Every structure is written in C-alpha cells, then in structure tokens.
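# Structure assessment
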Protein chains: 4
Amino acid sequence: MHIIEKKILNQIITTRPLESHKGNFGRVLTIGGNIQFGGAIIMATSAAVHCGAGLVTCATSMNNLTSLHTIVPEAMYIDYQSDFLLIDAITRADILLIGPGLGTDTTSLQILQTVLQNTSSQQLLIIDGSAISLISLHHEFFPLIKKIHPIFTPHQMEWERLSGIKISVQDDVKNTLFQQQLQSTVILKKHHTTIYHRDGSISKLQIGGPFMATGGMGDTLAGIIAGFLAQFKLKHYEHVIDAAVYTHSAIAKELSNNKYVVLPTDIINEIQRFMQENSGGI
Amino acid sequence: MHIIEKKILNQIITTRPLESHKGNFGRVLTIGGNIQFGGAIIMATSAAVHCGAGLVTCATSMNNLTSLHTIVPEAMYIDYQSDFLLIDAITRADILLIGPGLGTDTTSLQILQTVLQNTSSQQLLIIDGSAISLISLHHEFFPLIKKIHPIFTPHQMEWERLSGIKISVQDDVKNTLFQQQLQSTVILKKHHTTIYHRDGSISKLQIGGPFMATGGMGDTLAGIIAGFLAQFKLKHYEHVIDAAVYTHSAIAKELSNNKYVVLPTDIINEIQRFMQENSGGI
Amino acid sequence: MHIIEKKILNQIITTRPLESHKGNFGRVLTIGGNIQFGGAIIMATSAAVHCGAGLVTCATSMNNLTSLHTIVPEAMYIDYQSDFLLIDAITRADILLIGPGLGTDTTSLQILQTVLQNTSSQQLLIIDGSAISLISLHHEFFPLIKKIHPIFTPHQMEWERLSGIKISVQDDVKNTLFQQQLQSTVILKKHHTTIYHRDGSISKLQIGGPFMATGGMGDTLAGIIAGFLAQFKLKHYEHVIDAAVYTHSAIAKELSNNKYVVLPTDIINEIQRFMQENSGGI
Amino acid sequence: MHIIEKKILNQIITTRPLESHKGNFGRVLTIGGNIQFGGAIIMATSAAVHCGAGLVTCATSMNNLTSLHTIVPEAMYIDYQSDFLLIDAITRADILLIGPGLGTDTTSLQILQTVLQNTSSQQLLIIDGSAISLISLHHEFFPLIKKIHPIFTPHQMEWERLSGIKISVQDDVKNTLFQQQLQSTVILKKHHTTIYHRDGSISKLQIGGPFMATGGMGDTLAGIIAGFLAQFKLKHYEHVIDAAVYTHSAIAKELSNNKYVVLPTDIINEIQRFMQENSGGI
C-alpha cells in the first residue's frame, strides 16, 4: 500500500508534444443521464472536456441535449436510446464511461448491456454510479467484466452491493480478493479513498474532506479519470488513475479554503488551471 | 423577543465531521415551478445546493427540466405531475420545500395535497409562496398542518391571507396567537423579518434592506432554510432557522455595497464563501 | 435643447425607502421574441431585472421559455399567444415594453393590437424594434397611440418609417413636429442619441460610441428604460428617461476601455454596480 | 511565403468611425449544427458575435435553438431546414460560414447545395468542417466553388480528402497548385497553420500549440474569421484573414500560461479584450 503524493502530478501531466492534434488526446464516450439524473452525466462530460480529452461525446437522454450543449458546447451528443448510434460511438471511442445518472430501469439495463457487449479489451471502460448497482443485480455480466477489465468507482454502499462485503467489515484484504476476481480496478470512494489496482498494488488518498460530501462529486471524479486516461494513455496506467483521483480531491481541498461546501461545477472550473500549475516537462 | 446576532452563524455552521458522506447532510425535495414561474423553484433549489445539502431533488413542471439542469446540474429532477414519482420522492426526503412558483390552479392544489398527505411529522416541511395562498383558501388542510408542524415563510400580505390578521394590525401578540394555533413556525418577511418559533420564542432580524425588494428573493430564502435544516439537523432547531434567515440577509447586505439592487442569483453565488467565512469549530 | 449630464444619475437613482417591498418598484411586462429573435426580448427582460424593477414578466414565444429562465430565473413567463394570459398580464403591469424580437408577421401584429387596445393611459408603454415597424405600416393605430402616450425608441431608419422623414433630412424641427403630433416621447438612437420629450423639451446624449454598434444593443436600452420607469415612477418623468439612456451608454463607454466591441450582455452585468456607484441620497 | 506577425493586428483592428451603426459591421450567417454537433455552430456563432460583427444569424437545427439563445442571446436564429428562410437569410448576408457541426447526411448535403447555389461572388463564404468533407465527395460542386471563391479551413486530413494530396506529401507547392485551381483561399490548420491566399501569397503562423488540440477549436477559428471579415471588409482581404487567424492562436497562447488545455469557450471570452488591447488608430 502506498500513499498517493503530489509529485505524481507532474510525472503524468507533462508537456504535450508540439506536433499533435486532438486525435492524439483520445476520444471519450460518456453514457448516462436519464430524465431524472441528467446533471450527473453532464458534469462527468464537462469534467472530461476540461481535463483536455481530445474529443468528447455524451450518449444520453434526448431530454438532456440542450443543457449539455449550454453547459459544455465542446461536447458532442448522441441519443443513447438509438442502438445504432450507440454501438457506432462505442466502436470509435478510446475511453468509455458509463453510469452517471444512468438509472436502474429496463432502458438503463439495456444500454449497459449494449456497452458491455461492444466494448473490447483494447478500450478502457469506467463503470460508475447506477451502472455499478445494475451489475450488482446482474452477475451474468461478470464474464464480460472480466474480459474488459474496467475501472469501478463505487462508494462504500455500492461496493457492498457489488462485492457482497458489508461496509462494516470492508478491509484491504477482503476488498482485494474480490477485486482481483473481477480482474478490474476498483476506486473505493470514502474518507480516504483507496484504489485497488489490477496489478495488485493499492493506493490510498490522504487529501479530500467532508466539504466534498455533496451530490455529483463522484460523477465529476469519473469524468476526470476518463479525461486523464484519454490523453495520458501512453503513461503508466496505474499512475494515471492515481493522478486523476489526486487531482479531483486536491482541487476540492484548495477551494475549501474559501467555500464551506465545494460543488462539482466549482471543481470543473479549476481543472485547467490546476493541471497547468502542476504540470511537468516531457 | 430576541435579536438574531451574527454569532449564531459559527454556532450553527460548524466543521463537518471527517468521516461523513452526502447522506449525512440530508435529502432535500423542492416542489414548485409551473410553466409561468419556473425560475422561482430553480432559485430555491440552487440555494439549497449551494448551502451544502447532501442531495437535492426538484419536483417541477417538465417545462423547467432543462433550465434546472443548466443552472444547477447538481440537482436531480422529477416531474411533479407524476403522483407515483412525487410520493416516492416525498417518502425519501428529510426536508421538503413546497411553494416557490407552484401557482394556484387545480394542478397546484393537487400537488400540495399530495405533499401534505404524505409528509410525516418526522420530516421537516417548509411552505412558501403560492402554497401559502392555497392553504389560506383551503382551511381543510389545517389538521394536516398541525400534525406536520411546518415552517411558513409568508410576506405580510400572505400572512394576512393565512391568518386573517390585516397587515395594518399585525403585531407580535396577534401573530403569535394564530401561529401557535397552527403549531407551526412562521417566518414573517418584512422590513425587520420576525420569526415566530414553535417553542413560543420570537426572533427578529435587524439586517437586510430595500435592496432586496425584488422578485425571487423569498424563493431563495426558502431554499437556504431547506439547505440549513438538511445538514444541521442535529443542531438546535430554532437556531438553525435563525442562522439561515440571517445568512440570507447578511449576504445581501454585503453585496449591496456594490450593487444598487441585489438579485437572488447574486446571493446564491456567495453562499459557499459566506458560510466558510462565518463557520466555527465543532 | 440640453445635454444630458452625469449629475442626472444621483438625482434619479436615490436611496430606496427602508420600508418598501417589491411591489413598490413596479411590475414590468416585456412583450416580444418570436422563434427567430428570442434573444432580443430575453436581453430586454434581463436588463429590466438588473435595474431593480420589482417584478418582471416576459410574454414571449413558448420557444424562448427555457433560455429566458436559464439567463434570468428572476423573470416570470407567459405565452404571448394566449390572449387570455396576455390581457391579464397587461392589466396588472405598471410598465409595458413591446417590440424586441416581436417580428412583423400576423401573430406579431395581433399581439401588438392586443397590447395597444388593453393598455390604459395610466400605464407606461415603451414601443421598440419590430413594433415600431408594424405601427409604421398600420396608421390605424395612431389614435390609440395618441391616447397612450408611449415612448418610442427608433433608430434612424425606423424613425424614417414611422414619421416619413427621410434620414438625410431628419432634424430637430421636423422630428419634434411629428413627435408632438404622436403625443409620444421619441428616443432617436444614433451617434448622439436625441430624446424628444412629451413636454416639448429635447435632450441630447454626448456619450456612447461605435463600440455599441452591435445587435441587441437597442433591446437592452429598452429594458433599462422599463426598469428605471418601474422603480423611479415618483420622479420627474423626463429626467428618469434621460437617466436611463445615460446609464446605458455610460456603462458601455466604461467597458469600451477594455473591450473592442461591447456586447449587450456585458452591459447588463454591470448595471447593478454602475447604479450603486452613481446613486445619491433620498 | 511570409510569417504573420503581431503588427498585423493594429493595422486591421482599427478605431471604428464615430458615425457608424451595426449595419456597417456586416451581417454574418452561420450554417451548421445538426442534432449531434450543435455545440460547434454555437461556438462559431458566439465567436463572430464577440469579434464585433454587426448582426449574426445562426441557421441550425431546431434542437439547438435554446442552447444558442442561452449562450449568445445576441445572435438570431433560423431553422436551417426551411428552404424559404434559409435562402432569404443567405441573400441578406454579407458573410456566410457553413460547416461547423453540419454533418454529412442527406439533409446536410441539401443545405450545402442551397448555400452554394444561392451565394453570389459579391458575398464571402467560409467553408469549414463537415462541409469540406461533403464537397470532397461531391466534385460536381467545384464549378460553383470556383465562382464563389470561398475560404476553406481544413485540417490536414480534410485537406487530403478535398485535394487528394496525402498528408505525408502535402507541401506548399502541391497545396498551392490545387488551391489555385479551386480559386479559393485555403487555411490549412496544423502545427504551423499555413494560409494559401487567392492572390498566390502564402502566410504562415508561428504561434499556437498543442494546448489548442481539443474539439471545437476549429469551429471557433471559423467564427472569428467570419467576424473579422464582416467588420473589416474595407481592409486588405488577405490581411484580414491573417489577422483573424493570428488572433485566435494568440489568445490561446496567452491563456495557456494558466490553463493546461485551452477550450474554445475560453478563447471566445477573451476576444473583446484582446482586440481592444491590440487595436490601432484609423
């Protein structure tokens, strides 16, 4: 187990090569946002854009089209109910994020299934929020999960649902055991967020705080992870994830000096500056 | 009768416990916003989010979905015309706020009735704006009111309608008499806002001013009260209400140094900073 | 003829009485914004809100509902195609503004007619943009105009259409003659905007400049006039209009130090600060 | 070949004549934005507005109406599927920009055809994004292109599609040959953007960088070119284009000091200030 330290930032967030174009910084596809939880996928999408992902498309409910474009006109849209468009978008993506505001009804389940069935092990998939709850109820997805090696971002209750390990008895030994069976990365969000990496290593975060305990915070973290993986895909995989998780909490920590509660949109507004201040040479 | 003083702030707005998550800071449900008055419920909802309520859902007209998400993507949405969704959301909420922009037609009345019938005395209900006017016309709701012990936030004309006490003769004695019959808290909004508490105490506000005399100001106050009650529910009930009312006017007072009129959205933008500057230890 | 000077500001923008509420600062109804020109009425409405009008309602196309609420949630909405709602709103308003983005088709004409027929001489009506063009084509409205004594805010081409006086020969003598026949105020927007008052006096503006030559600038001026008249209705009528016109250009002039072109929304964002900095005692 | 230098700015961005109105600064029509790529045309439109174009209309999908008005209420709207409205708007425009987010389906193609058939050689047409891809597939448009003398703004892959010259062998000699056959200006977007002017001269940009490698950056450039051509139409044509291209990258360069990636909307927010700081006398 090691503590994620600030120096990870300038190892990962390095100077971009001069001869590069948006294609070099990855195609992200975010999937989620039903009529009730549209803000979740919009915040995740906006976070990915602000990190510097090359191209970001949001697959969501038609109901969220206008608020998506108004908040982040840099992102593209597809209707997540169109199987044809969704599969096409999945195929083109380098990084996929499913879950923020997805919901847990039949439509949500069908979209999750389409994503799991069409994602290849060459792509990186982040599974967040409602998608974790759905998988907890549908163990028939486990074989697909083990093939794709996704990143799960549960909070403790979602991890209990997924792993069957009750919150009160969750510890590194039990968590690692289940995570290794899933052949996935698990980012367990809690007071000191812990990351169970696929290579068996464990990272712990010592920053962050209760000023982050507000709706949408996890969606934003998921978007930052997607944005980091998209553009830093040639870097050490585990370190990129650690850097993304650190960035999210470090920005919140900074903002908490002047804000009693830090909102997800506050964090998104600071990503570009924070990354520049903490970037290193090539 | 006592004057609300600034020191109430750091007694109520205290350091959050390290081991906490969004569930600890309450679930707020805001209900209102017909096609004509959508901005009112959006401002109330946004105020609750900016105060630091853990999870905020807005039950409103479908017409307001996109502007809600665009202004405050942190909030969730349900269609207030769906009885099924509304009752489910009521049941899950810790704090309910009904009234901003609700209107006074048959649909509004039916929604109000659903809320009153499904709210338990374990929950806290704030009744504002059009909902006060509706109750004034429907005394058959009084038994429910007395069971729920809500917080009413009328301006003087709405109080006249509710209590039957004409503005010209409203005074603490007469106001208290009716308020105690209602077994409710009454926040009477006027030049020096007065709060008639359930425990019989009376608090008066000496800050605020005519720079706040603009549409939407009351909706924003109601949202701040909801946000304070949601997260400070273990504190002394009457003091939390006093702190919320003080916060609203104190921010406006600060902003009035540089603005001839202070708009509700200006206040919302300053809540996080103001709370941090006026927070105290545990 | 006299030059409008800066000192008019602190004579008009005076300290608000302590015992006042939003009702004291007037009800404004803005009418306009078809599917093509929605931004115009939204900017006018937002300007009125930022000036400090007590309550502002926007009667516009259903297509503009969401952008209205998103930009200025403080404003209320009605569908301008509903005769019933429109007439009700007209009756309740103290100040009416018709024209920004209204368009010139049959629907526009019918709405204009409804407004002219239902506005009383006790109310103040501002006629801007497309509404001026429509009246130019429908002289049958002249008797109504003479009864209502509105404020027209034409640019030079619109004035040519309304008055029949070609731009090349427009001068104070000819302009006054026609304006007095109309029994209206005319604010002729041009390099040095000139105001032909109902009392026969003429005011000229010497500030402003070509950095204001951009779409939406006139809509914003109309909204500021509405907002000033709403709240300063006890002041000298001609002086309130002069102060509103001065405020609009003075803000633009300030901003032009740092902006090559000044956009309407830039001006709106500065109204509250500018008014505070230039306000006087009672 | 010459390098575009900073001094071009104050030669082009000169003091506006005092006696001017919005008509003097050009009518821009932007055309694009299907349901998937609405943000692209909104950013292009907003860029043109912020540059100071006199009047800007956006012809786009009905789906983008509300986000357009919310982001830039200064712009007007028409439904690009209405042939009647589109042709009318084309006829009235001084500058046209087609392509951002247009898409490549049958509807997109039909709109492109309507634009090419109704644009006269007296008007200036910028062809960007999907419109370039469509023309690459439809060489039957080449005669129209040669008549209109448009400005193409391809990135290297789009230029390969249009010209048939593979990226690996693109050089000034081959690029010029094809560009001169098209009788068009070609702005080839790459690490050091190169402009092949109609008069045979070649300009190169030495600023800009990989912090600009993000979706929407090209749409914003196209909007800036439109805005510059609209208001500086009496200046030397080639120099106006150079100044617009320089402005776009110079703002991004400035912002990159504090932002790891610079977003299109960041650039748009700085256009007015940058132009003022770099403006010269008449």
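Residues numbered from 1 in each chain as written. Chains lettered and ligands numbered in written order. Predicted model: local features only at pLDDT ≥ 70, side-chain atom pairs only at ≥ 80, totals over all residues. Heavy atoms only, no water.

Looking at an unreviewed UniProt entry, one finds chain A named ADP-dependent (S)-NAD(P)H-hydrate dehydratase and attributed to Liquorilactobacillus cacaonum DSM 21116. Here chain A is described in UniProt, under the heading Function (unreviewed entry), as follows: "Catalyzes the dehydration of the S-form of NAD(P)HX at the expense of ADP, which is converted to AMP. Together with NAD(P)HX epimerase, which catalyzes the epimerization of the S- and R-forms, the enzyme allows the repair of both epimers of NAD(P)HX, a damaged form of NAD(P)H that is a result of enzymatic or heat-dependent hydration." We quote the UniProt Sequence similarities (unreviewed entry) comment for chain A here in full: "Belongs to the NnrD/CARKD family." (UniProt positions renumbered as here; feature names shortened; annotations may be inferred.)

Attention now goes to the UniProt feature "binding site: AMP" (unreviewed entry) in chain A. Residue and element names in this part refer to chain A. Those places that UniProt annotates as "binding site: AMP" (unreviewed entry) correspond, in this numbering, to Lys 189, Lys 190, His 191, His 192, Thr 193 and Gly 218. Taking the farthest pair of C-alpha atoms as the criterion, the annotated set spanning 30 residues converges on one region, since that pair is 14.0 Å apart. Taking the relative accessible area as the measure of exposure, Lys 189 reaches 17% and is therefore buried. Its location among the elements puts Thr 193 in the loop between strand 8 (185-188) and strand 9 (194-196). Overall, Thr 193 belongs to the buried group, its relative accessible area being 10%. Polar side-chain contacts of Thr 193 include one of 3.3 Å to the backbone oxygen of Lys 190. (Buried < 20%, exposed > 50% of the residue type's maximum accessible area, 1.4 Å probe, protein only. Helix = DSSP H or I, 4+ residues; strand = E, 2+ residues; numbered from the N terminus. Polar contact = N/O pair within 3.5 Å; in protein donor to acceptor, adjacent residues only side chain to side chain.)

Moving on to the side chain of Thr 194 of chain C. All names here are of chain C. Relative to the helices and strands, Thr 194 resides in strand 9 (residues 194-196). Accessibility expressed as a relative area gives 0% for Thr 194, which makes it buried. Side-chain polar atoms of Thr 194 contact the backbone oxygen of His 192, separated by 3.2 Å. Not counting chain neighbours up to four residues away, the residues in contact with Thr 194 comprise Asp 172, Val 186, Ile 187, Leu 188, Ile 202, Ser 203 and Lys 204. (Contact = heavy atoms within 4.5 Å.)

Another point: the relation of the copies chain C and chain D. Each of the two copies of the chain can be brought onto the other by a rotation about an axis and a shift along it. Under the fitted operation, chain C is carried onto chain D by 0.0 Å of movement along the axis and a turn of 90°, and the coordinates agree to an RMSD of 0.0 Å. Those values place the two copies in the arrangement expected of a four-fold rotation axis. Of the residues that chain C buries at the interface, just 7% are likewise interface residues in chain D, meaning the two copies contact each other through different surfaces. (Least-squares fit on C-alpha atoms with pLDDT ≥ 70 in both.)

The partner chain D presents 34 residues to the 30 residues of chain C that form the contact. Carbon and sulfur atoms supply 61% of the area that chain C and chain D bury against each other, a total of about 2600 Å² over both sides. Contact with chain D buries surface across chain C, with Gln 36, Pro 210 and Tyr 260 of chain C losing the most and accounting together for 29% of the total. Taken together, chain C and chain D are joined by zero salt bridges. Inspection of the region where chain C meets chain D yields 10 residue pairs in polar contact (both at pLDDT 80 or more). When residues of the side of chain C that touches chain D are traced back to their parent elements, those giving at least two are helix 2 (38-51), helix 3 (65-71) and helix 12 (264-277) of chain C. Its residues assigned to classes, the side of chain C that touches chain D shows 13 nonpolar, 15 polar and two charged. (Buried area = accessible area lost by both parts, 1.4 Å probe. Salt bridge = Lys/Arg side-chain N within 4 Å of Asp/Glu carboxyl O. Nonpolar A, V, L, I, M, F, W, Y, C, P; charged D, E, K, R; others polar.)

With that out of the way, let us pick up the packing of aromatic side chains. As enumerated under the stated definition, the model contains 16 aromatic pairs over all chains in all. Measuring from ring centre to ring centre gives 5.7 Å for Trp 159 of chain C and Phe 178 of chain C, while their planes differ by 70°; the resulting arrangement is edge-to-face. On the criterion of sequence distance, the pair formed by Trp 159 of chain C in helix 8 (residues 156-163) and Phe 178 of chain C in helix 9 (residues 172-182) is long-range, its members being 19 residues apart. Residue classification places Trp 159 of chain C among the buried residues on the basis of a relative accessible area of 0%. Here the aromatic residues Phe 142, Trp 159 and Phe 178 of chain A are joined through ring pairs into a cluster of three or more. Arg 16 of chain B extends its terminal NZ or CZ atom over the ring of Phe 25 of chain B, reaching a point 3.6 Å from the ring centre. (Phe/Tyr/Trp six-rings, centres within 6.5 Å; stacked < 30°, edge-to-face > 60°. Lys NZ or Arg CZ within 6 Å of the ring centre and 35° of its normal.)

Its rotation angle being 90°, the transformation that places chain A on chain D also includes 0.0 Å of axial translation and leaves an RMSD of 0.0 Å. By residue overlap, the copies meet through two different surfaces: only 6% of the interface positions of chain A are interface positions in chain D.

Moving on, we get to the UniProt feature "domain: YjeF C-terminal" (unreviewed entry) in chain A. Here the UniProt-annotated "domain: YjeF C-terminal" (unreviewed entry) positions come out as residues 5-278 of chain A. Taken end to end, residues 5-278 of chain A is 48% helix and 13% strand, and its first and last C-alpha atoms sit 12 Å apart.

Residue and element names in this part refer to chain D. Spatial ordering of the open sheet is given by 1-10-9-8-7-6-5-2-3-4, a layout of 10 strands whose pairing is mixed. Single-partner strands in this sheet number two, and they are strand 1 (2-3) and strand 4 (76-79). Pairing geometry for strand 2 (residues 27-31) and strand 5 (residues 95-98), over four bridges, is parallel. Within strand 5, the residue paired with Ile 31 across the bridge is Ile 98. (Pairing = 2+ DSSP bridges.)

Right, let's get into the packing of helix 5 (residues 106-118) of chain B against helix 6 (residues 129-137) of chain B. Two numbers describe a pair of packed helices, the interaxial angle and the distance between the axes. Residue and element names in this part refer to chain B. Relative to each other, helix 5 and helix 6 sit at 90°, their axes nearing to 10 Å. By the angle between their axes, helix 5 is roughly perpendicular relative to helix 6. Contact with helix 5, carried on its side by Ser 108, Leu 109, Leu 112 and Leu 116, involves Ala 131, Leu 134 and Ile 135 of helix 6 and no other residues of that element. Looking at side-chain class alone, the contact of helix 5 with helix 6 contains six nonpolar, one polar and no charged residues. (Axes fitted to C-alpha atoms, helices over the stretch in contact; angles between N-to-C directions. Parallel < 35°, antiparallel > 145°, perpendicular 65-115°, else oblique.)

Here chain A and chain C are not in contact; the least distance found between their C-alpha atoms is 9 Å. Left apart from each other, chain B and chain D have a closest C-alpha approach of 9 Å.

The next thing to look at is helix 4 (residues 83-92) of chain C. Residues and elements named next belong to chain C. Those residues of helix 4 that fall on the buried side of the exposure criterion are Leu 86, Ala 89 and Ile 90. Looking straight down helix 4, one finds its buried side chains confined to an arc of 105°; they lie on one side. When the buried face of helix 4 is taken as reference, the exposed residues oriented beyond 90 degrees from it are Phe 84, Thr 91 and Arg 92. Looking at the buried residues of helix 4, the elements they touch are strand 2 (27-31), strand 3 (55-60), strand 4 (76-79), strand 5 (95-98) and helix 5 (106-118). (Arc of directions from axis to C-beta.)

The next subject is the state of the cysteines. Residues and elements named next belong to chain A. If you walk through the whole model with that rule in mind, you get zero disulfides over all chains. Of all cysteine sulfurs in the structure, the one in Cys 58 sits closest to Cys 51, which takes part in no disulfide; the separation is 15 Å. Judged by its relative accessible area of 0%, Cys 51 is buried. (Disulfide = S-S within 2.5 Å.)

In this section: the environment of Asp 199 of chain C. All names here are of chain C. Looking at the secondary structure, you find Asp 199 in the loop between strand 9 and strand 10 (202-204). Considering only alpha carbons, one finds Asp 199 and Asp 128, 71 residues apart in sequence, at a separation of 21 Å. In terms of polar contacts, Asp 199 uses its side chain to reach the side chain of Ser 201, at 2.6 Å.

Counted according to the given criterion, the structure contains 36 salt bridges over all chains. As a salt-bridge pair, Asp 171 of chain A and Lys 174 of chain A come within 3.1 Å of each other at their nearest N and O atoms. The exposure class of Lys 174 of chain A is partly exposed, given its relative accessible area of 34%. One salt bridge in this structure joins Asp 266 of chain D and Lys 259 of chain D, with 3.9 Å as the shortest N-O distance. Since its relative accessible area comes to 14%, Asp 266 of chain D is described here as buried.

Facing the 34 residues of chain A at the interface are 30 residues of chain D. For the pair chain A and chain D, the two sides together bury roughly 2600 Å², of which 61% comes from carbon and sulfur. On the chain A side of the contact with chain D, Arg 16, Glu 74 and Gln 272 of chain A bury the most area, a combined 24% of that side's loss. At the surface where chain A touches chain D, the tally comes to zero salt bridges. Applying the counting criterion to the chain A and chain D interface returns 10 residue pairs in polar contact (both at pLDDT 80 or more). Looking at the side of chain A that touches chain D, the elements that each hand over two or more residues are helix 2 (38-51), helix 3 (65-71), strand 4 (76-79) and helix 12 (264-277) of chain A.

What follows covers the environment of Ile 42 of chain C. All names here are of chain C. Take Ile 42: it is sitting in helix 2. Taking the relative accessible area as the measure of exposure, Ile 42 reaches 0% and is therefore buried. Sequence separation between Ile 42 and Met 1 is 41 residues; the distance between their C-alpha atoms is 34 Å. The residues touching Ile 42, leaving out its near neighbours within four places in the chain, are Asn 64, Ser 67, Leu 68 and Ile 71.

Let us now look at helix 10 (residues 217-231) of chain C. Its 15 residues give helix 10 of chain C an end-to-end C-alpha distance of 22 Å, which sits within 8% of 21 Å, the value for a rise of 1.5 Å per residue. The buried fraction of helix 10 of chain C is high, at 15 of 15 residues. (Expected span 1.5 Å × (residues − 1).)

Take the packing of helix 2 of chain C against helix 10 of chain C next. Residue and element names in this part refer to chain C. At a closest axis distance of 7 Å, the pairing of helix 2 and helix 10 adopts a crossing angle of 35°. The way helix 2 lies across helix 10 gives a crossing that is right-handed. On helix 10, the residues that touch Ala 40, Met 43, Ala 44, Ala 47, Ala 48 and Cys 51 of helix 2 are Asp 219, Thr 220, Gly 223, Ile 224, Gly 227, Phe 228 and Gln 231. Broken down by class, the residue content of the contact of helix 2 with helix 10 amounts to eight nonpolar, four polar and one charged. (Left-handed = near helix turned anticlockwise from the far one by under 90°.)

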